[in-house]
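Here's the letter readout for the chains.
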Amino acid sequence: MSANATKSMDEIVALCRRRGFIFQSSEIYGGINGFWDYGPLGTQLKRNLKDAWWRDTVQGEAKGPGGEEVQVVGVDCTIIMNPRVWEASGHVGGFNDPMVDCKESKARYRADHLVALGAIDPGARLFVVIEGDEQQLEKAVKALLKYERCDALDPARHVVRPFTKLSAEERTHAIGPDAKAPGSLTEPRQFNLMFKTNVGAVEDPSNIAYLRPETAQGIFANFENVVNSTRVRVPFGIAQVGKAFRNEVTPRNFTFRSREFEQMETEFFIHPSQANEWYAWWRDRRFAWWQSIGLAGENLQLREHDRDELAHYAKEGAGTSDIEYRFPFTAPGFGELEGVAHRSDYDLRQHAEHSGRREKARYFDTERNERYFPHVIEPSAGADRGTLALLCEAYTKDESRPSGVYMKFHPRMAPVKAGVFPLVNKDGMPEVAEKLYRALRKKHACEFDPKQTIGKRYARMDEAGTPYCITIDGDSMTQQTVTVRHRDTQQQERIAIDSVPGWIDERVGGA
Ligand code: ATP
């Protein structure tokens, strides 16, 4: 079993709040379910993730499956678009989740996230819990044993079944996760996940608009604009990083399922005959990317979808896979960080049809002398889930340290790259330390901290996940050297003060 199964999510959430990684949105008013704010350290961490993604996806050099240079350009589209975009994409009609309301507690759940524990006998009382919620399950087991007046579960009779598989009759005997009486859960109903708003001064059905539930459609809607205004030619990609909104029925697991989140998406346009090779290329490249930023171990996996899991547009395609991370709350299972899908030409065709542009929207390939709708390979990643994975992966207990814990971020991702300290706050040391700090901060996020004992300062940096602490001591004044303390090993080495900027550059990469 991986170490992540033993990490406590409560402790990680507490550290995030205490050290300013992530706060509940509008906490002073009791918060708002499904919304999260990033504090100073969290903002820097998420920015490092997004910057690395942008640099590696758009600016980075890469050779495609045929050895060709991979071209990707960026766009930055609006969150509110013409609502017809969402009719064309299928979101108005089909972006639904099955939802269940509890008439007693007024809580609302995703029907496909609920399971029912109870005997299989007709009329048996069923205890409904959110799948994967250990505390709820424990409570339900106790309640069931008490109700049936027995000491232990009988595997031949007591089973856990998906809530969606219960009959209407069985639902009348089911008690909701936050309820006391049976029969309070409604029948599952389809619920559209898009947030609605009105554009303009009056609230009228004619001016309804939606907050985008994904960034991808802005890219598809601008496909012709990009082709006409730049020199990119198929195969090429368009990338975008930005906010997306989904009115999730049951936001949960910290930032994993939020109602406002950020995506990092690329739509890569190819000739239909090249779908297989580009799909495999992107899938492997994206997996390697997550490994390169510190999710290198067994907590990361690539999972190819079964045919029956595929979206309607991908059925005949080259495939779909998820890059998944084993979060403490999914362990021993995994949760999706990024999906890589062959979307065929579905979206471009839909927009060509709905916008009335039809044949005009077809791409003309001058090299092949052929007109066609390019196929699309879409790697779609979540910046918040990525940040959460970095936090969970980094969280490392170490009782031998004063902090009891340290955050083992990959140096490229670490929010603070170096802490610069004078050993004591006198004898010219603060001035030398501050000068070095000012030189370093031109390129990197660094902290200067002249106060408290050196042990306390190391402990603060350990919790922030700062990979290097540089201390100016007596020898620095006479020999122009400093000590560098490595976060993970706590080992120290001496290097020349002049070499510090280059030494840090080398270790934290471009970020
Ligand atoms: P899930 O099945 O977990 O709801 P999805 O398959 O609907 O996710 P996509 O539509 O493929 O997700 O979105 C691409 C990426 O956007 C996901 O891999 C994830 O990282 C991120 N994402 C999607 N929904 C959320 C959310 N509610 N909160 C945070 N990130 C999300």
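The following paragraphs examine the structure supplied in this document. Treat the numbers as computed from the prediction; the structure is a model and nothing was measured.

**Observations concerning the sheet that holds strand E24 (residues 446–448)**
Overall, mixed pairing links the 5 strands, which are arranged E24-E23-E25-E26-E27 in an open sheet. Edge positions in the sheet fall to E24 and strand E27 (492–496), since each of these pairs with one other strand and no more. The mean angle between the axes of side-by-side strands here comes to 25°, regardless of whether they run parallel or antiparallel. Of the strand pairs in this sheet, strand E23 (residues 418–422) and strand E25 (residues 468–472) are connected by 5 bridges, and their pairing is parallel. Within E25, the residue paired with Gly419 across the bridge is Cys469. Across the sheet, helix H13 (residues 454–464) touches E23, E24, E25, strand E26 (481–486) and E27, and the angle it forms with E23 is around 170°.

**Let's talk about the pattern of salt bridges**
Tallied over the full model, the rule gives 41 salt bridges. When the shortest N-O distance is used, the salt bridge between Arg161 and Glu170 registers 2.9 Å. As far as the burial class goes, Arg161 and Glu170 line up, both buried. The salt bridge involving Glu359 is made with Arg362; its shortest N-O contact spans 2.7 Å. Linked by salt bridges that have partners in common, Asp97, Arg110, Asp112, Glu248 and Arg257 make up one network.

**A few points about the nonpolar core**
Phe21, Leu49, Trp282, Trp290, Phe327 and Phe409 are the most contacted members of the largest nonpolar core, which has 57 residues in total. Per-element accounting of this core gives the leading share, 8 residues, to helix H9 (residues 275–292). The residue makeup of this core includes at least three contributed by each of domain 1 (3–94 + 196–393) and domain 3 (403–508). Excluding its chain neighbours within four sequence positions, the residues that come into contact with Phe409 are Phe21, Leu45, Leu390, Leu391, Ala394, Ala414, Pro415, Ala464, Gly465 and Arg487. Among the nonpolar cores identified, the runner-up in size contains 21 residues, and Val129, Leu166, Ile175 and Leu185 belong to it.

**Re the packing of aromatic side chains**
A full pass over the atoms with the stated rule returns 22 aromatic pairs. Judged by centre distance (4.6 Å) and plane angle (50°), the rings of Phe223 and Phe269 are tilted. One end of the pair, Phe223, is in helix H8 (residues 223–229); the other, Phe269, is in strand E14 (residues 260–270), and 46 residues separate them in sequence. Its relative accessible area of 4% is what places Phe223 among the buried residues.

**A short note on the side chain of Glu248**
Within the element layout of this structure, Glu248 appears in the loop between strand E13 (236–245) and E14. A relative accessible area of 5% means that Glu248 is categorised as buried. Only 3.4 Å separates the side chain of Glu248 from the side chain of Arg257, close enough to count as a polar contact. Discounting chain neighbours no more than four positions away, the residues touching Glu248 are Asp97, Arg110, Leu193, Arg257, Ser258 and Arg259.

**A few points about the side chain of Asp384**
Within the fold, Asp384 resides in helix H11 (residues 383–394). Among the polar contacts listed, one links the side chain of Asp384 to the side chain of Lys46, at a separation of 3.0 Å. Side-chain polar atoms of Asp384 contact the backbone nitrogen of Glu262, separated by 2.6 Å. Setting aside anything within four residues of it in sequence, one finds Asp384 in contact with Tyr38, Lys46, Thr255, Phe261 and Glu262.

Criteria and cut-off values
Residues numbered from 1 in each chain as written. Predicted model: local features only at pLDDT ≥ 70, side-chain atom pairs only at ≥ 80, totals over all residues. Heavy atoms only, no water. Pairing = 2+ DSSP bridges. Helix = DSSP H or I, 4+ residues; strand = E, 2+ residues; numbered from the N terminus. Axes fitted to C-alpha atoms, helices over the stretch in contact; angles between N-to-C directions. Contact = heavy atoms within 4.5 Å. Salt bridge = Lys/Arg side-chain N within 4 Å of Asp/Glu carboxyl O. Buried < 20%, exposed > 50% of the residue type's maximum accessible area, 1.4 Å probe, protein only. Core = buried A, V, L, I, M, F, W, Y, C linked by side-chain atoms within 4.5 Å. Domains from an automatic or database assignment. Phe/Tyr/Trp six-rings, centres within 6.5 Å; stacked < 30°, edge-to-face > 60°. Polar contact = N/O pair within 3.5 Å; in protein donor to acceptor, adjacent residues only side chain to side chain.

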